[in-house]
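So the chains spell out like this:
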Amino acid sequence: MKRKLAAAIGIAGMMVSIAACGSSDNKSGGSDKGADAKALTVWLTVDAQNNWPELVKAADAAVQKAHPGVKINHEYYGWPDKNTKLDAVLATDKAPDVVEMGNTEMLGYMVKGAFAPIDASKLDNSSAWLDGLKASVTYDGKTYGVPYYAGGRVGNWRKDVAASVGVKTPPKTYTELISDLDKIQKKEGSKFSAWYQPTRDWYAAMSFVYDAGGSIAKQDGGQWKANLSSPESIKGLNDWKTIVDKYMHGDKTKDESDRYIVYGQGKSAMIFGAAWEGATSEDPKNDKTGKLKGNLENFVMPGPSGKNIPVFLGGSDLAVPVKSKAQALAAEWINAFTGSAGQKGLMAKGNLPNNKTDLATLKNDPATVVPATAAESNWFVPMAPGWGQVEKAQVLQTMLQNIGTGKKSVEAAAKDADAAIDKVINTK
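Throughout what follows, the structure given in this document is the object of discussion. (Residues numbered from 1 in each chain as written. Predicted model: local features only at pLDDT ≥ 70, side-chain atom pairs only at ≥ 80, totals over all residues. Heavy atoms only, no water.)

**What about the sheet that holds strand S10 (residues 270-274)?**
Heads up, the condition is: Strand pairing follows a simple DSSP-based rule, namely that at least 2 bridges must link the two strands. Every helix listed is a DSSP run of H or I at least four residues long, and every strand listed is a run of E at least two residues long, numbered separately from the N terminus. Only C-alpha atoms enter the line fits that serve as axes; for helices the fit covers just the stretch in contact. Angles between N-to-C directions range over 0 to 180 degrees.
Taken in spatial order, the 3 strands line up as S10-S7-S11 in an open sheet, and their pairing is antiparallel. The open sheet has two edge strands with one neighbour each: S10 and strand S11 (296-299). Strand after strand, the sheet turns through a mean of 30 degrees between neighbouring axes, direction not considered.

Below is the structure:
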């Protein structure tokens, strides 16, 4: 789930004193500040309001049972305007006590000291949080939020096109995948994309990089350094380039934003994207072929390494603003909402849970085994102080477009991207 990070927090010279985690035996997971608060303000996005309001009510009830008389106020925001409203109140006495953040939005706020630290050891399932989700709430060795839910990425292909070349089951290995795609491409011709892979889709390209043992950046001696020029990353980029060269016969300057629409036009056999994209493509308003309903199949993407390819986990986190006067109560509400009972409710709504224990249970259900298995191997962006200042989408997209269109070699494009990242990656 891609979220748009605000260019700046908008609080010039914000100087805040982050409350230390309390050492008392409370169940909040936060500091003792505001343990006796009489009111709590919770900001969530409209996703919760529209899709699982009963889970919000259950968390409220749990907190109010433990703290009779506590008033809990909820405000709901759309993703486009949430951060603008949050930035305007973070340095005031009107900051909310709980706020939902896209997990790629967390870093800039953590670096600025906008959120209070949380004692993760006091939270349900924290020891089993999915690695990529844990990374999104961790900065400089401290935890500043709680993963809420996630969405992963899977392969999806047309069963009828695969069957037309004698393939009846999804590929289990990368060798099988390439063999199947070669057959499809040969049969359908050069105007058809056996794999529609938008060139500027950096989430997919970086999965190849991480599969090869590379990374966007790595930490060394307390400093971060861009790593796209490493031998491992170059191998991953070359693996990705091979896919684009062989099977992507669409516009090689596009990103993934309308992939589900293009897929619905019937000129491609496969995509690698968010788990919801296949179902959205077969919706009658997007399916221009009239043949996609019930004919699309998700599968776990195998990688060139011989293992399942690591996938980016998008999703939401919940954090407690440092200006909150009810930090302990806020952390307690978050635990009630995202804990064991809450995760079961979120899974029932089609979301991936925040932890490996619950994720394992989804592998027992044929309806959820693919996204659950795919999510086991995951990656996240560098949690470097300056990463939020990198025009990351633009830097990575430019690199990939230069590679995909042949404007630059893999090595030259990666070197340029590394130089752009290194300029700011350690800047606070």
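Following the structure, the description resumes.
**A few points about the sheet that holds strand S2 (residues 71-77)**
Note: strands within a sheet are paired through backbone hydrogen bonds, in either parallel or antiparallel orientation. Spelled out, the test is: By definition, residues are in contact when any of their heavy atoms lie within 4.5 Å.
Read from one edge to the other, the open sheet built from 5 strands follows the order S2-S1-S3-S13-S6, with strand pairing classed as mixed. A single partner strand is all that each edge strand has here, and the edge strands are S2 and strand S6 (146-151). Within this sheet the neighbouring strands show an average axis-to-axis angle of 20 degrees, counted without direction. Two elements, strand S3 (residues 98-102) and strand S13 (residues 314-319), share 4 bridges in a ladder whose sense is antiparallel. Looking at the pairing, Glu100 lines up with Leu318 of S13. Along the sheet face, helix H12 (residues 327-338) touches strand S1 (39-45), S2, S3, S6 and S13 and points at about 45 degrees away from the line of S1.

**Describing the environment of Val167**
The topology assignment puts Val167 in the loop between helix H6 (159-163) and helix H7 (174-188). Distance in space between the C-alpha atoms of Val167 and Leu181 is 10.0 Å, their sequence separation being 14 residues. Val167 has contacts with Trp157, Ala162 and Asp180, leaving out every residue within four places of it along the chain.

**Side note on the packing of aromatic side chains**
Here is the rule we go by: Pairing of aromatic rings covers Phe, Tyr and Trp, the last through its six-membered ring, and needs centres within 6.5 Å; plane angles under 30 degrees mean stacked, over 60 mean edge-to-face, and all others mean tilted. Criterion for a charge above a ring: Lys NZ or Arg CZ within 6 Å of the ring centre, and within 35 degrees of the ring normal.
As enumerated under the stated definition, the model contains 16 aromatic pairs in all. Among the aromatic residues, those joined into a ring-pair cluster are Trp202, Tyr203, Tyr210, Phe312, Trp379 and Phe380. For Arg153, the ring lying beneath its charged end belongs to Tyr203, and the centroid distance is 4.7 Å.

**Some details on the pattern of salt bridges**
Here is the rule we go by: When a carboxyl oxygen of Asp or Glu lies within 4 Å of a side-chain nitrogen of Lys or Arg, that pair is called a salt bridge. Exposure categories follow from relative accessible area, calculated using a 1.4 Å probe and restricted to protein chains: below 20% of the type maximum is buried, above 50% is exposed, and the middle band is partly exposed.
Scanning all chains against the criterion turns up 16 salt bridges. Of the charged contacts, one joins Glu277 and Arg259 as a salt bridge, the two residues approaching to 2.8 Å between their closest N and O atoms. With Glu277 in helix H11 (residues 277-281) and Arg259 in helix H10 (residues 259-264), this residue pair connects regions lying 18 residues apart in the sequence. The two residues Glu277 and Arg259 agree in class, both being buried. For the salt bridge of Asp283 with Lys285, the shortest nitrogen-to-oxygen distance reads 3.4 Å. What makes Lys285 exposed here is its relative accessible area of 59%. Several salt bridges converge on common partners, so that one network encompasses Asp201, Arg259 and Glu277.

**Digging into the side chain of Glu277**
Inclusion rule: Polar contacts, as used here, are pairs of N or O atoms within 3.5 Å; protein pairs need one atom able to donate a hydrogen and one able to accept it. Residues neighboring in sequence count only if both atoms are side-chain atoms.
Taking the relative accessible area as the measure of exposure, Glu277 reaches 5% and is therefore buried. Within the local environment of Glu277, its side chain forms a polar contact with the backbone nitrogen of Ala274, the two atoms lying 2.8 Å apart. For Glu277, the contacting residues outside a window of four places in its chain are Arg259, Tyr260 and Ile271.

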